[in-house]
Amino acid sequence: MTKSLIALVALVLALALALPAAAGPPRRPVVVVQVEDGGFHWGDALIGAAATGGVGLAAVGVFVVFRKRNAFEGGLR
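Reading the values: the criteria
- Residues numbered from 1 in each chain as written.
- Predicted model: local features only at pLDDT ≥ 70, side-chain atom pairs only at ≥ 80, totals over all residues.
- Heavy atoms only, no water.
- Helix = DSSP H or I, 4+ residues; strand = E, 2+ residues; numbered from the N terminus.
- Buried < 20%, exposed > 50% of the residue type's maximum accessible area, 1.4 Å probe, protein only.
- Areas by Shrake-Rupley, 256 points an atom, 1.4 Å probe, with all protein chains shown as cover.
- Phe/Tyr/Trp six-rings, centres within 6.5 Å; stacked < 30°, edge-to-face > 60°.

K.L.:
Mind showing me how you'd approach the overall build of the protein here?
P.N.:
Secondary structure summary: the protein contains two helices and zero strands in total. By residue count, 0% of the 77 residues in the protein fall in the buried class. When the accessible surface of the protein is totalled, it reaches about 7,600 Å², and 71% of it is carbon and sulfur.

Rendered as structure tokens:
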């Protein structure tokens, strides 16, 4: 009985030490992307400037509407 218990413990320890080394995390392929175009993109800059201008105009419009509403309600004197 003792010899079989020692053999079982030895087998479990051997499997416990062998399995983590063999079952490592899955490897993913490395993808390398090379970009040749390194210049400034005026089209992207124009889109960003237009979006910023639109947000600014919307903010000014909201300010003007709320300012006039407060003036009509007697909040501004």
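Structure's up, so let's keep going.
K.L.:
Even after reading the chapter, I still don't get the packing of aromatic side chains, so can you show me in this structure?
P.N.:
Ring pairs (aromatic) are described by centroid distance and by the angle formed between their planes. Under the counting rule described, the total for this entry stands at one aromatic pair. Each ring, one from F40 and one from W42, has its centre 4.8 Å from the other, and the planes form 75 degrees; the classification is edge-to-face. Like W42, F40 is exposed.

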